[in-house]
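One letter stands for each residue in the lines below.
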Amino acid sequence: MIEDRGEPIELIEACEGAQAAWLVDAVCSGARPGTLHRFDVGERALPSGLFRVSTHRFGLADALELARALGRLPPRVTVYGIEGSRFAPGEPLSPAVAAAAERLAGALSTELAAAFAAVR
Amino acid sequence: MTERRTKTIKTDVLARVEGEGAMRVRIESGRVTEVQLKIYEPPRFFEAFLRGRDFTEALDITSRICGICPIAYQMSAVTAMESLCGVEVGGQLRALRRLLYCGEWIESHALHVFMLHAPDFLGFESAVAMARDHPTIVTDALALKKAGNEVMRVVGGREVHPINLRVGGVHRAPRKAELATLVEGLERAREIALGAVRLTASFDFPDYDQELELVALAQPGEYPIDRGRIISSTGLDIAPAEYESEFVEQHVPWSHALHSQRAGGGSYLVGPLARFATSFATLTPLAREVAVDVGLRTPERNPFRSIVVRSVELVHAVDEALELIAAYEEPDAPAIEVAPRAGIGHGATEAPRGLLYHRYEIDADGTILAANIVPPTSQNQVAIEADLRGVVERSLDLPDEQLSRLCEQTIRNYDPCISCATHFLKLEIERC
């Protein structure tokens, strides 16, 4: 498990050789805070504009498409986006987002366990 | 042509620049009548946010203005505070901070040269499209960026929003052995950077020279990065403390950014072209040699060749990083204690994109009373608009789509960081 250090472009190296990848990030789409979005990126690109809460990085969608263009995208990539609420400097996590993160952590544990079991 | 022809070229959302921006060019009967670079990034409130904070906090707060050049903000901030309080950080502490700054130049320039700007010259819509036909360009970019990021991580404590700088020095000086781990990556980076100079020099460049005043820091015997006097191609030579008497900022109605002009009128530009013009002799011998080899002029006046100059600066930054690492000896203490003094402090350093000026007024307790921050992209706005006008005037016979792309390429010559260029005081609406 890798905690992103703010450089989606480094995912390209991190993903290399993997059979599957799960990514979790904040999203700003105007939906209710805490809303969970899920995308299967193996086949299709992420909708651009959704994961651009940081304007300074080569965004998540671009990084994944770069990986794909370089032949380094794992066959299975699932991206979860949690709709954020507070983005100003110094603000704490909002209750809605904290709750969504808890729920996702639970769901991911189950999904990952199933994926690993299938591999054995 | 005798019939009246008006067309407007608009790009509502500029791609491949940091932040959000748009441009508008209006052509009437074969003349360019209007040029606007519109910055509509949510206005930032950092200058107001700094009031009431401690002088030791300015660097960490202002570094949030820009995710791609946090070190530049931190360095301009600490330099301002140290200069007010009568402290000069020298020796190995200065070397460490300069090394960290080189790391930022490497990763910022690498991202821009390869991923943001090269696609324009190679005829691709995006780096992703370019990656399919030129995978090595992308993998080289990633390796170069990684070398820069590793410097930021080892010397700065973290790649994104590094945490190791402080007023008076650093929080922790790395061991010599930690710096040694950077060497292999930097040596590979040097080869890639040299390749970048040759690759970019082979691009087709529109024939366009501009004659704006070129403004950069200068320091005898060193390429301008972390300190110096402010000089220009037309003879300006001032201390950072005199910045506000020579450069003024104005609001323009179509943009949230402030436009910078010379006091008394006149446009200027900052960044790699300016540094290259005024400090060519202080580049490392390798950087100078490859610059001459590929035919760069001194001064280089074609803004489209900024990509080549940026690549030369990549060679320099990697070269200098290796020199600093080789010469490093662990300092006795990671920082000098700095006691606050009431007054006004000025700090000017060279961000990857150009001169970044900070001014702070603090009281005797070290509380910040006021702040003014002038980023390089703010200062280049006028130059960008002048170039758009000049380039369009010479290219009126191009079909609209091509002309629009040429305009975007023109803007990207400046590697504009639009997120830095907006720092409004009055904030009415907060958007995420």
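Residues numbered from 1 in each chain as written. Chains lettered and ligands numbered in written order. Predicted model: local features only at pLDDT ≥ 70, side-chain atom pairs only at ≥ 80, totals over all residues.

> Can you walk me through the overall build of chain A in this structure?
In terms of helices and strands, chain A carries three helices and three strands. Counting helices and strands in the order they occur from the N terminus, chain A gives α-β-β-α-β-α. The buried share of chain A, taken over its 120 residues, is 28%. Long-range pairs, those at least 24 residues apart, make up 75% of the contacts in chain A with a sequence separation of at least 6. (Helix = DSSP H or I, 4+ residues; strand = E, 2+ residues; numbered from the N terminus. Buried ≥ 20, exposed ≤ 12 C-beta atoms within 10 Å, placed from the backbone. Contact = placed C-beta atoms within 7 Å.)

> Would you mind showing me how to read the overall build of chain B here?
What chain B contains, in helices and strands, is 15 helices and 14 strands. Within chain B, the fraction of its 432 residues that count as buried is 52%. A fraction of 73% describes how many contacts in chain B between residues 6 or more apart in sequence connect residues 24 or more apart.

> Whenever I open this one, the nonpolar core confuses me. Can you help?
Buried together is how nonpolar side chains tend to be arranged in soluble globular proteins. Counting residues in hydrophobic clusters, the biggest one holds 138 residues, and the most contacted among them are M81, I106, V151, A193 and V312 of chain B. Here A193 of chain B is in contact with L144, S311, L314, V315 and V318 of chain B, once residues within four sequence places are set aside. (Core = buried A, V, L, I, M, F, W, Y, C linked by C-beta atoms within 7 Å.)

> How should unusual backbone geometry be read in this particular structure?
Outside of glycine, negative phi angles account for most residues, and trans bonds account for most peptide bonds. Of note, the bond from T298 of chain B into P299 of chain B is cis; its omega dihedral lies within 30 degrees of zero at 5 degrees. Note that P299 of chain B resides in the loop between α11 (285–293) and α12 (306–327).

> Just checking my understanding: could you explain the sheet that holds strand β13 (residues 354–362) of chain B for this structure?
Strands in a sheet are paired, the pairing made by backbone hydrogen bonds, and the direction either parallel or antiparallel. Residues and elements named next belong to chain B. If you trace the three strands from one edge of the open sheet to the other, you get β12-β13-β14, paired in antiparallel fashion. Here the strands that pair on one side only, and so sit at the sheet edges, are β12 (343–351) and β14 (368–374). Shown here is a sheet whose adjacent strand axes are inclined to one another by a mean of 15 degrees, direction ignored. As defined by bridge partners, β12 adjoins β13 across nine bridges and the pair is classed as antiparallel. In the sheet register, I344 faces β13, and the bridge partner there is E361. Along the sheet, helix α3 (residues 70–84) contacts β12 and β13; its crossing angle with β12, the most-contacted strand, is approximately 145 degrees. (Pairing = 2+ DSSP bridges. Axes fitted to C-alpha atoms, helices over the stretch in contact; angles between N-to-C directions.)

> Looking at this structure, I do not really get the sheet that holds strand β7 (residues 229–232) of chain B. What am I missing?
Residues and elements named next belong to chain B. Spatially, four strands are ordered β8-β7-β6-β11 in an open sheet, and the strand pairing comes out mixed. One side of each edge strand has no neighbouring strand; the edge strands of this open sheet are β8 (237–238) and β11 (268–269). As judged from the two bridges shared by strand β6 (residues 213–218) and β11, these two strands associate in the parallel manner. Residue pairing for β11: L214 is matched across the bridge by L269. Lying over the sheet, helix α10 (residues 272–279) contacts β6, β7 and β11, oriented at roughly 70 degrees with respect to β6.

> How do you make sense of the pairing of strand β3 (residues 76–83) of chain A when you look at a structure like this?
All names here are of chain A. The sheet contact formed by strand β1 (residues 20–27) and β3 spans eight bridges and is parallel. Its bridge partner lying in β3, A26 is registered against I82. By the bridge criterion, five bridges tie strand β2 (residues 36–40) to β3 in an arrangement that is antiparallel. The partner of F39 across the bridge, within β3, is V79.

> Where do I start with helix α14 (residues 400–412) of chain B in this structure?
The periodicity of an α-helix, 3.6 residues per turn, causes residues three or four positions apart to be oriented the same way. Here α14 of chain B is 13 residues long and its end C-alpha atoms lie 18 Å apart, about the 18 Å a rise of 1.5 Å per residue gives. Along α14 of chain B, the residues that are buried comprise C407, T410, I411 and R412 of chain B. (Expected span 1.5 Å × (residues − 1).)

> Explain the packing of helix α6 (residues 135–156) of chain B against helix α8 (residues 183–201) of chain B here, please?
Any two packed helices are characterised by the angle at which their axes cross and by the distance between the axes. Residue and element names in this part refer to chain B. Following both chains from N to C, one finds α6 and α8 inclined at 135 degrees, their axes separated by 9 Å at the closest point. On the basis of the axis angle, α6 is oblique to α8. Crossing handedness for the pair α6 and α8: left-handed. Between α6 and α8, the contacting residues are D140, A143, L144, K146, A147 and E150 on the first element and G185, L186, R188, A189, I192, A193 and G195 on the second. Of the residues assigned to the contact of α6 with α8, the class counts are seven nonpolar, two polar and four charged. (Parallel < 35°, antiparallel > 145°, perpendicular 65-115°, else oblique. Left-handed = near helix turned anticlockwise from the far one by under 90°. Nonpolar A, V, L, I, M, F, W, Y, C, P; charged D, E, K, R; others polar.)

> Got a minute to help me understand the environment of K146 of chain B in this structure?
On the secondary structure map, K146 of chain B appears in helix α6. Residues K146 of chain B and A348 of chain B lie 202 residues apart in sequence; the distance between their C-alpha atoms is 27 Å.

> So what exactly am I meant to see when it comes to the packing of α3 of chain B against helix α4 (residues 91–122) of chain B here?
All names here are of chain B. Two numbers describe how α3 lies on α4: the axes approach to 9 Å, and their chain directions differ by 150 degrees. Taken together, the axis directions place α3 and α4 in an arrangement best described as roughly antiparallel. By crossing handedness, the relation of α3 to α4 is classed as left-handed. Where α3 abuts α4, its residues I71, A72 and M75 lie against R97, L100, Y101 and E104.

> Explanation requested: the pairing of β6 of chain B in the structure shown.
It is a general feature of regular strands that their side chains alternate between the two faces of the sheet. As paired strands, β6 of chain B and β7 of chain B are joined by four bridges and run antiparallel to one another. Opposite A216 of chain B, over in β7 of chain B, you have I231 of chain B as the bridge partner.

> Mind showing me how you'd approach α12 of chain B here?
Between its first and last C-alpha atoms α12 of chain B spans 31 Å; for 22 residues at 1.5 Å apiece the expected length is 32 Å, and the two agree. With respect to burial, α12 of chain B is a largely interior element, 18 of its 22 residues being buried.

> Can you walk me through the environment of R389 of chain B in this structure?
All names here are of chain B. Looking at where R389 falls in the secondary structure, it is placed in helix α13 (residues 376–394). Judged by C-beta crowding, with 16 C-beta atoms within 10 Å, R389 ranks as partly exposed. Sequence separation between R389 and V25 is 364 residues; the distance between their C-alpha atoms is 7.8 Å.

> How should the confidence of the model for chain B be read in this particular structure?
Low-pLDDT stretches of the model should not have their predicted coordinates read in fine detail. Averaged over all residues, the pLDDT of chain B is 88; the fraction at 70 or higher stands at 90%. On the interface metric, ipTM, the complex scores 0.79, and its pTM is 0.89. (pLDDT = per-residue confidence, 0-100.)

> Is there a simple way to think about the environment of R158 of chain B in this case?
All names here are of chain B. Position of R158 relative to the elements: it lies in the loop between α6 and β4 (165–166). A residue is classified by how many C-beta atoms lie within 10 Å of it, and R158, with 14 of them, is partly exposed. Each C-alpha atom, one on R158 and one on K145, is 14 Å from the other, the two residues being 13 residues apart in sequence. The contact partners of R158, leaving out residues within four places of it in the chain, are R153 and I163.

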